[in-house]
Each structure stands twice: as C-alpha cells, then as structure tokens.
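# Working through the structure, step by step
So the chains spell out like this:
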Amino acid sequence: MSTMKLDDYTARISYDEDREVFHGRIINIRDVVNFYGATPSELKQEFCNSLDCYLDVCAERGLAPEKV
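Residues numbered from 1 in each chain as written. Predicted model: local features only at pLDDT ≥ 70, side-chain atom pairs only at ≥ 80, totals over all residues. Heavy atoms only, no water.

### Let's talk about the sheet that holds strand β4 (residues 34-37)
Strand pairing within a sheet occurs via backbone hydrogen bonds; the two strands may be parallel or antiparallel. In spatial order, the strands read β1-β2-β3-β4; together these four strands make up an open sheet with antiparallel pairing. Two strands close off the open sheet at either side, each with one partner strand: β1 (2-6) and β4. The mean inter-strand angle of the sheet, taken between neighbouring strand axes irrespective of direction, is 30 degrees. The pairing of β1 with strand β2 (residues 9-16) spans five bridges and is classified as antiparallel. Of the residues in β2, the one forming a bridge with Thr-3 is Arg-12. Here helix α1 (residues 40-61) sits on the sheet and contacts β1, β2, β3 (21-26) and β4; the angle it forms with β4, its principal contact strand, is near 155 degrees. (Pairing = 2+ DSSP bridges. Helix = DSSP H or I, 4+ residues; strand = E, 2+ residues; numbered from the N terminus. Axes fitted to C-alpha atoms, helices over the stretch in contact; angles between N-to-C directions. Contact = heavy atoms within 4.5 Å.)

Below you can see the structure in the form of structure tokens.
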C-alpha cells in the first residue's frame with residue numbers, strides 16, 4: 001500500500017487497472033473522501049481539491065473534520 005500526505009491528512013493510494021487511474025482515499029478521517037488521477041501529479045492535485053472541498057463542507061455545516 002502506498003500513501004500520500006497533505007498537511008495532517010494521509011491518503012491510501014492504489015492503482016485501478018480497469019480504469020487505468022490512480023485511486024486515493026483519505027484514511028485518517030471518519031468520512032469517505034475519494035479522489036482519482038491519471039498521473040501522480042494529477043492525483044496530488046485531486047487530493048488537494050477533494051480535501052479543500054471536504055473542509056469547505058465541514059465549515060459550511062459548522063462541523064469540525066472528524067479525524068481518527
């Protein structure tokens with residue numbers, strides 16, 4: 001299993017052979033946040049975009065991100 005870190009968040013990275021893309025899932029929060037990218041740099045950008053979106057939704061709802 002490979003991992004990728006962004007700030008205090010860690011994602012598990014795998015390769016989806018059927019779709020020919022990398023798949024990431026943030027593993028140290030209770031909610032499910034997935035992201036995909038065809039290249040490592042695209043995957044990292046999508047990690048950043050997905051994390052930003054997740055944090056925005058938490059802020060809009062007045063909730064703290066549930067880290068584990």
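### Examining the pairing of β3
Here is the key point about a regular strand: its side chains alternate between the two faces of the sheet. Bridging between β2 and β3 involves six bridges; their strand directions are antiparallel. Paired with Ile-13 across the two strands is Gly-24, which belongs to β3. Taken together, β2 and the strand that follows it, β3, pair antiparallel across an intervening segment of four residues, in which Glu-20 is found at a positive phi of about 55 degrees. Where β3 meets β4, four bridges bridge the pair, whose relative direction is antiparallel. Note on β4: the bridge partner recorded for His-23 is Tyr-36.

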